[in-house]
Amino acid sequence: MTSGGDAPGMNAAIRAIARACQYYNHQCIAVIQGFEGLINGHFKELDARGVRNIINRGGTILKSARCKEFRTVEGRKKAWENVQKHNIDGLIIIGGDGSLTGGMIFQSEYGLPVVGIPGTIDNDIYGTSRAIGFDTAVNTVVEAVDKIRDTASSHNRLFFIEVMGRDAGHIALNAGIAAGAEEILIPEQDDGIDSLIRTLKYGKKSGKSSSIVVVAEGDKTRDNVFNLASQIREELPEYDVRVSVLGHIQRGGRPTYYDRVLASRMGIYSVEILREGKSNVMIGVDLDKLILTPLKDAVKGKSAINKNMVRISKILSV
Ligand code: F6P
């Protein structure tokens, strides 16, 4: 099952799971549309040939949803009835922390073995340094910021570019460094608007003609990027300010090699650990090695922002 916000590379994981099932002689049943499909009994058998030509495609062929009904006892009861009807004896969930929490609760209520695979462009899950989709999303953002930089420098403009990350600044921090942003604003570090004004003033004085500020969706400097830009227009009239919100473009597109390989490895491993009788764990990657974290820890914690990257971004924007 894929659940929550889709992420490029989910299809590569689905393909790996279906093929590992065939390799080990298990039946692979896909749930369509996340927990909604589990509640409505929307299932489809997948064999090795049924997942051809999807490794290169973004999105998820199984569709995804954010399902409110699964948060209710009645919803989960309906899901359990479908699980029994189809003789399902293990569930692999590819998704973010909300989806993994749903899986953990389901496991605790009905005892069905559950394994989580982290799939979210936000990369904000504890127990893995990379979630499927993050690498692709960061590359998409870098490409977009590079393009905006061309027009920003042609017109001597200051651009505020909002990137995804409702609660996390991983996309903003990594893409911001890679694309040479002057400032990166993230929810994990609130330096306040005065610090931003100081940086921008200093930038003008030191001869910068255009500037890029990458702002994570969840940044708290102002309530949204448009109000932030308005305030800067007032405080620094010497700047010609524009705003660009990248939006859902960041969730789509062909997965990078990294996401395809990571998803393939995690997909196979998920089948293997279910075969070993393990449950209630999430697969993660640490220094290229696959690791397991109890689901309860994975959903409780947030992956910490790398403070050294914040420091590096400050040095680079001098
Ligand atoms: O999947 C995570 C995420 O991309 C967040 O960064 C973003 O805030 C959210 O999803 C948007 O979700 P939706 O597509 O449901 O509006």
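Heads up: the structure comes first, above all this text.
These notes cover the structure that comes with them. (Residues numbered from 1 in each chain as written. Predicted model: local features only at pLDDT ≥ 70, side-chain atom pairs only at ≥ 80, totals over all residues. Heavy atoms only, no water.)

Overview of the overall build of the protein chain
Here comes step 1: A count of helical and extended segments in the protein chain gives eleven helices and ten strands.
Here comes step 2: Against the compact-globule benchmark of 20 Å for 318 residues, the protein chain has a radius of gyration of 21 Å, which places it among compact chains.
Here comes step 3: Expressed as lengths along the three principal axes of its C-alpha atoms, the size of the protein chain is roughly 70 × 35 × 30 Å.
Here comes step 4: Looking at the protein chain as a whole, 53% of its 318 residues qualify as buried.
Here comes step 5: A separation threshold of at least 6 residues defines the contact pool for the protein chain, and within that pool the share at least 24 residues apart is 75%.
Here comes step 6: For the protein chain, the distance from the average site of its 41 positive side-chain charges to the average site of its 37 negative ones is 3 Å. (Helix = DSSP H or I, 4+ residues; strand = E, 2+ residues; numbered from the N terminus. Rg over C-alpha atoms; globule rule 2.2 N^0.38 Å. Buried < 20%, exposed > 50% of the residue type's maximum accessible area, 1.4 Å probe, protein only. Contact = heavy atoms within 4.5 Å. Lys, Arg positive; Asp, Glu negative; His and termini not counted. Charge placed at Lys NZ, Arg CZ, Asp CG, Glu CD.)

Concerning the pairing of strand β5 (residues 157–163)
Here comes step 1: Across the seven residues of β5, seven count as buried, placing the element largely inside the fold.
Here comes step 2: Of the two faces of β5, the one carrying Arg157, Phe159, Ile161 and Val163 and the one carrying Leu158, Phe160 and Glu162 are both buried.
Here comes step 3: Across six bridges, the pairing between β5 and strand β8 (residues 240–245) is parallel. Paired with Glu162 across the bridge in β8 is Val245.
Here comes step 4: Of the pairings in the sheet, the one linking β5 to strand β7 (residues 211–216) comprises six bridges and is parallel in character. By the bridge assignment for β7, Ile161 is matched with Val214. (Pairing = 2+ DSSP bridges.)

Section: the packing of aromatic side chains
Here comes step 1: With the rule as written, the count across this model stands at seven aromatic pairs.
Here comes step 2: Centre to centre, the rings of Trp80 and Phe106 are 6.4 Å apart; their planes meet at 75°, and the pair counts as edge-to-face. In this pair, Trp80 sits in helix α3 (residues 73–85) while Phe106 sits in helix α4 (residues 97–110), placing the two residues 26 residues apart along the sequence. Neither Trp80 nor Phe106 differs from the other in exposure class; each is buried.
Here comes step 3: With 6.3 Å between their ring centres and 90° between their planes, Tyr257 and Tyr258 make a pair best called edge-to-face. (Phe/Tyr/Trp six-rings, centres within 6.5 Å; stacked < 30°, edge-to-face > 60°.)

Some words on the pairing of strand β9 (residues 281–286)
Looking along a regular strand, one sees side chains alternate from face to face of the sheet.
Here comes step 1: Burial analysis of β9 places five of its six residues in the buried class, which makes it a mostly covered element.
Here comes step 2: Pairing of strand β4 (residues 114–118) with β9 involves two bridges; the strand directions are parallel. Bridge pairing in β9 places Gly116 opposite Met282.
Here comes step 3: Following β9, the chain reverses through two residues before pairing antiparallel with strand β10 (residues 289–294); Leu287 in that reversal takes a positive phi of roughly 50°.

Some thoughts on unusual backbone geometry
Glycine aside, the phi torsion of most residues is negative, and most peptide linkages are trans.
Here comes step 1: Phi at Asn156 takes a positive value of approximately 55°, unusual for a residue other than glycine.
Here comes step 2: On the secondary structure map, Asn156 appears in the loop between α5 (134–154) and β5.
Here comes step 3: With phi around 65°, Asn280 is a residue other than glycine that occupies positive phi space.
Here comes step 4: The topology assignment puts Asn280 in the loop between α9 (257–275) and β9.

Some words on the site of the ligand
Here comes step 1: The environment of the ligand is formed by Gly5, Arg66, Ile121, Asp122, Met164, Gly165, Arg166, Glu217, His248 and Arg251.
Here comes step 2: The side chain of Asp122 places a nitrogen or oxygen atom 2.7 Å from an oxygen atom of the ligand.
Here comes step 3: Between the ligand and Arg251, the relevant distance is 3.0 Å, taken from an oxygen atom to a side-chain nitrogen or oxygen of the residue.
Here comes step 4: When isolated, the ligand has an accessible area of 400 Å², and the protein chains bury 79% of it.
Here comes step 5: The class makeup of the residues in the shell around the ligand is two nonpolar, three polar and five charged. (Near = heavy atom within 4 Å. Polar contact = N/O pair within 3.5 Å; in protein donor to acceptor, adjacent residues only side chain to side chain. Areas by Shrake-Rupley, 256 points an atom, 1.4 Å probe, with all protein chains shown as cover. Nonpolar A, V, L, I, M, F, W, Y, C, P; charged D, E, K, R; others polar.)

Observations regarding the side chain of Ser244
Here comes step 1: Mapped onto the elements of the fold, Ser244 is located in strand β8.
Here comes step 2: Excluding its chain neighbours within four sequence positions, the residues that come into contact with Ser244 are Ile148, Phe159, Phe160, Ile161 and Glu162.

A look at the pattern of salt bridges
Close approach of charged atoms allows side chains of opposite charge to pair.
Here comes step 1: Going through the model one piece at a time under the given rule, you end up with 15 salt bridges.
Here comes step 2: A salt bridge links Asp97 to Lys302; the nearest nitrogen and oxygen atoms lie 3.3 Å apart. With Asp97 in helix α4 and Lys302 in the loop between α10 (295–300) and α11 (307–316), this residue pair connects regions lying 205 residues apart in the sequence.
Here comes step 3: Here Lys302 falls in the partly exposed class, since its relative accessible area comes to 40%.
Here comes step 4: Measuring nitrogen to oxygen at the nearest pair gives 3.3 Å for the salt bridge that ties Arg265 to Asp288. With Arg265 in helix α9 and Asp288 in the loop between β9 and β10, this pair connects stretches of sequence that are 23 residues apart. (Salt bridge = Lys/Arg side-chain N within 4 Å of Asp/Glu carboxyl O.)

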